[in-house]
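Chain by chain, the residues run as shown.
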2 protein chains.
Amino acid sequence: MMKMSDLGEFGLIGRIKRTASRLSASTVIGIGDDAAVLKPSSLRRELVTTDLLLEGVHFDLSHTDFYSLGWKAAAVNLSDIAAMGGIPRFCLVALGIPPRVSVEQIAGFYRGLNTLLRKHTTDLVGGDTCSSLQGLCISVTAIGECEPSRIVTRSGARPGDRVYVTGTLGDSAAGLEILKKRGNVQGRKTRGVKLVDRHRRPMARVEWGRALALSGCVSAMIDLSDGLSSDLSHICEQSRVGADIRADCIPISSALQSMSGSLPRAPLEFALSGGEDYELLCTVRPTNVRKIQSLKIPMTEIGIITPGNILSLVDDRGRRKTLSPSGYDHFRGDRNGRGSLWKE
Amino acid sequence: MMKMSDLGEFGLIGRIKRTASRLSASTVIGIGDDAAVLKPSSLRRELVTTDLLLEGVHFDLSHTDFYSLGWKAAAVNLSDIAAMGGIPRFCLVALGIPPRVSVEQIAGFYRGLNTLLRKHTTDLVGGDTCSSLQGLCISVTAIGECEPSRIVTRSGARPGDRVYVTGTLGDSAAGLEILKKRGNVQGRKTRGVKLVDRHRRPMARVEWGRALALSGCVSAMIDLSDGLSSDLSHICEQSRVGADIRADCIPISSALQSMSGSLPRAPLEFALSGGEDYELLCTVRPTNVRKIQSLKIPMTEIGIITPGNILSLVDDRGRRKTLSPSGYDHFRGDRNGRGSLWKE
């Protein structure tokens, strides 16, 4: 194991530069100067998003490997670009590295990061590296682009719009639960490994977000980072509407279904407030429902946008209860008093 | 004093959004969606840079107020845009906030940040806020723009070029030294307050960098964040040249000169390896020297670019010694074995 102090700051920057994802002619100057120089598309709008991932708050190194951490740091940001209907183009990463972390671990982080970036033809164009006296600190900025008329915000939902989600929900939070109980989970045949993988290496739904935006059928969109109830409440607040969500329509994976007996909460609860699934939540005008279905994206209709500002969960007998945002609030802990259980 | 837990994550985001610097018609969507939506200039290249500032590594809250910290976080990034010859346009800020930090302190941080951003007509368009279990963690991304033919990199210096610096050097490091010895320093008449101010609230030399770039006379440029010897070595490495620096030409402020008796190191030493002055270091072809002087920018010729790869310091009797990069290496500490003295 090589220490960071043997390699030095400028040695590290040299290594990062040599292995960086670099695919686009739009990257005029990448890593190594005071700033990256990019050639943005003149016909498209630019999308920019930044996220901070802190050890002990967003991840626990006792059950996350560095490759997965790099992958996830990229995925979390590309997911935000996907949720606007955009194409990711460029990425910058700043790391605060504690002395206990080795050069090999940091190399693993960048391998994971670059693997996801290359998958989405996104260039690593810059960043920063420094020492951290406390935990590992990761900051990622992603830059994407989208045609002006195709950008999907959170504020376009109208009463009557149908609510859709891609993929299945709750897997990531259930995976985290398994990791916390068992520690490291490895091997393809291990029970729960599918859920753990969804937690450690989430997919950014870039192709789906792009197809949805290009279809012109989506009135509002957000990625599911905090949990369905919380992220839906952002769309409802910003669109000034409410929503009725049908509990029995929420898509649960067979992996989560089959593990439900050995988990402390029901699959539906993981799906509603779990977070970190990085699936897309969107609303669709009723007249566009057939067109959306023809896109062949794995997505499920889970409810309808209503007037007013109430989010309700409706069960299979038509009974409704208020759905309060139960995702993680960083300064309050979970609103149900669960502390930092959900978003570690 | 209001606790962050009383305001909550989304209460904080609302406050940040209401007070954010927002001046440009190019900001299509600012804070509040999955990503900011920007309309970049179609004729210019885009410049992007990111920096991480960590408590205990880059700043010490026992002698930095939050207003100054916000100011400095912005200045450090705009300085990188200035060093490329660009105009800053947009900024994103991510904060990891420990529970002991109050809402008022965070409000102070954003006041300082927005003050500097407004001064440079730069919009705060996005960011992230989360809790931190350890120190305060600040990540800033700045986006600027520059005409393709006017971008100044680190790699264009040639033998014979003259070396210039703007302003005076060493003040910031001397200011930090005073803060460490005396703790908080306030009041306009306090001895050393000018030096302390330069440490706490550095200026980003945006107008100067821009004028230098537009003049077409500058062959390479970098901002002085790590210290003259270290930052000059970046220009020399990337341009594959050396440099002779004349010790008696390095500009020292009268404030630093007058304090030199009560400081542990000589002014020249602060100037060579102090860092955090955020002045501009640039190289100029001999034929352009007269034109550069006509720009009326306060700048000083301090040496000449040489063939080879040696950086030398030449004294007033013509004696030379090798100038080794003595700025702060984040993973090694200072190369002179001074630990983290210089870049706190």
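Residues numbered from 1 in each chain as written. Chains lettered and ligands numbered in written order. Predicted model: local features only at pLDDT ≥ 70, side-chain atom pairs only at ≥ 80, totals over all residues. Heavy atoms only, no water.

### Brief notes about the overall build of chain A
The condition is simple: Numbering of helices and strands runs from the N terminus, with a helix taken as a DSSP run of H or I at least four residues long and a strand as a DSSP run of E at least two residues long. In this setup the radius of gyration rests on C-alpha atoms only. A globule is expected at 2.2 Å times the number of residues raised to 0.38. Think of it in three bands: with a 1.4 Å probe and only protein chains considered, a residue is buried below 20% of the maximum accessible area for its type, exposed above 50%, and partly exposed in between. By the convention used here, residues are in contact when the closest approach between their heavy atoms is within 4.5 Å. All accessibility values rest on the Shrake-Rupley procedure with a 1.4 Å probe; residue burial counts only the protein chains present in the view. His is not counted, nor are the chain ends; Lys and Arg add positive charge and Asp and Glu add negative charge. Here the site of a charge means NZ on Lys, CZ on Arg, CG on Asp, or CD on Glu.
Each helix and strand counted, chain A has eleven helices and 15 strands in total. A compact globule built from 344 residues would reach a C-alpha radius of gyration of about 20 Å, and chain A, at 20 Å, matches this within 12%. In chain A, which comprises 344 residues, the share counted as buried stands at 64%. For chain A, the proportion of contacts with a sequence separation of at least 24, taken over those separated by at least 6, is 83%. For chain A, the computed accessible surface area is about 12800 Å², with 49% contributed by carbon and sulfur atoms. Of the side chains in chain A, 45 bear a positive and 36 a negative charge, and the two mean positions are spaced by 5 Å.

### A look at the pattern of salt bridges
Residue and element names in this part refer to chain A. Our working rule: What counts as a salt bridge is simple: a side-chain nitrogen of Lys or Arg found within 4 Å of a carboxyl oxygen of Asp or Glu.
Within the structure shown, the criterion is met by 34 salt bridges over all chains. Note that Glu145 and Arg89 form a salt bridge whose closest N and O atoms lie 3.1 Å from each other. Of this pair, Glu145 sits in strand 6 (residues 137–146) while Arg89 is found in strand 4 (residues 87–97), placing the two residues 56 residues apart along the sequence. In this structure, Glu145 and Arg89 share a single accessibility class: buried. Residue Asp315 is joined to Arg319 by a salt bridge in which the shortest nitrogen-to-oxygen separation is 2.8 Å. Look at the salt bridges and you will find they share partners, linking Arg44, Arg89, Glu145, Glu147 and Arg210 into a network.

### Topic: the layout of surface pockets
Test applied: The way it works is a 1 Å grid over only the protein atoms, where trapped points that fit a 1.4 Å probe form a cavity and open points with protein on both sides within 12 Å along at least five of seven lines form a pocket, and then any residue with an atom within 4 Å of a point lines it. Grid points are joined across faces, edges and corners, and a volume is the space filled by probe spheres set on the points. Gly counts as polar in this scheme, as do all residues outside two lists: the nonpolar Ala, Val, Leu, Ile, Met, Phe, Trp, Tyr, Cys and Pro, and the charged Asp, Glu, Lys and Arg.
Of the volumes computed, that of the second largest pocket is approximately 1000 Å³. If you go around the second largest pocket, you meet 49 residues; those closest to its centre are Phe10, Ile13, Asp33 and Asp128 of chain A together with Arg154 of chain B. Contributing elements (two or more residues each) for the lining of the second largest pocket: helix 2 (9–19), strand 4 and strand 5 (123–131) of chain A together with strand 3 (45–54), helix 3 (66–83), strand 8 (218–223) and helix 8 (228–239) of chain B. At seven residues, strand 5 of chain A tops the list of elements feeding residues into the lining of the second largest pocket. Taken together, the residues of the lining of the second largest pocket break down into 19 nonpolar, 15 polar and 15 charged.

### Side note on the environment of Arg15 of chain A
All names here are of chain A. Position of Arg15 relative to the elements: it lies in helix 2. Separated by 92 residues in sequence, Arg15 and Ala107 have C-alpha atoms that sit 8.4 Å apart. Once residues lying within four places of it in the same chain are set aside, the contact partners of Arg15 are Met2, Leu7 and Val103.

### Observations concerning the interface of chain A and chain B
Heads up, the rule is: For any pair of parts, buried area is found by adding up, for both, the accessible area (1.4 Å probe) each one loses once the two are put together.
With 69 residues of chain A at the interface, the matching set in chain B holds 69 residues. Summed over both partners, the interface of chain A with chain B comes to about 5700 Å²; 59% of that surface belongs to carbon and sulfur atoms. Our count for the chain A to chain B interface comes out at four salt bridges. Residue Asp33 of chain A is joined to Arg154 of chain B by a salt bridge in which the shortest nitrogen-to-oxygen separation is 3.6 Å.

### Some details on the packing of helix 3 (residues 66–83) of chain A against helix 4 (residues 103–119) of chain A
Residue and element names in this part refer to chain A. This is how the line gets drawn: For helices, the fitted line uses only the C-alpha atoms of the stretch in contact; every axis is such a line through C-alpha atoms, and the angle between N-to-C directions lies from 0 to 180 degrees. To sort the angles, those under 35 degrees are grouped as roughly parallel, those over 145 as roughly antiparallel, those from 65 to 115 as roughly perpendicular, and the leftovers as oblique. Left-handed describes a crossing whose near helix is turned anticlockwise from the far helix through less than a right angle; right-handed describes the clockwise counterpart.
Between helix 3 and helix 4, the shortest axis-to-axis distance is 6 Å and the interhelical angle comes to 40°. Classified by the angle between their axes, helix 3 and helix 4 sit oblique to one another. As for how helix 3 packs across helix 4, the hand of that crossing is right-handed. Contact with helix 3, carried on its side by Phe66, Tyr67, Leu69, Gly70, Trp71, Ala73, Ala74, Ala75 and Leu78, involves Gln105, Gly108, Phe109, Arg111, Gly112, Leu113, Thr115, Leu116 and Leu117 of helix 4 and no other residues of that element.

### Remarks on empty space enclosed by the protein
In total, this model carries seven cavities of 30 Å³ or more according to the counting rule given. There is about 150 Å³ of room inside the largest cavity. Looking at the largest cavity, it is lined by 16 residues, and the ones nearest its centre are Ser132 and Gly135 of chain A together with Ser132, Gln134 and Gly135 of chain B. In the lining of the largest cavity, the residues fall into eight nonpolar, six polar and two charged.

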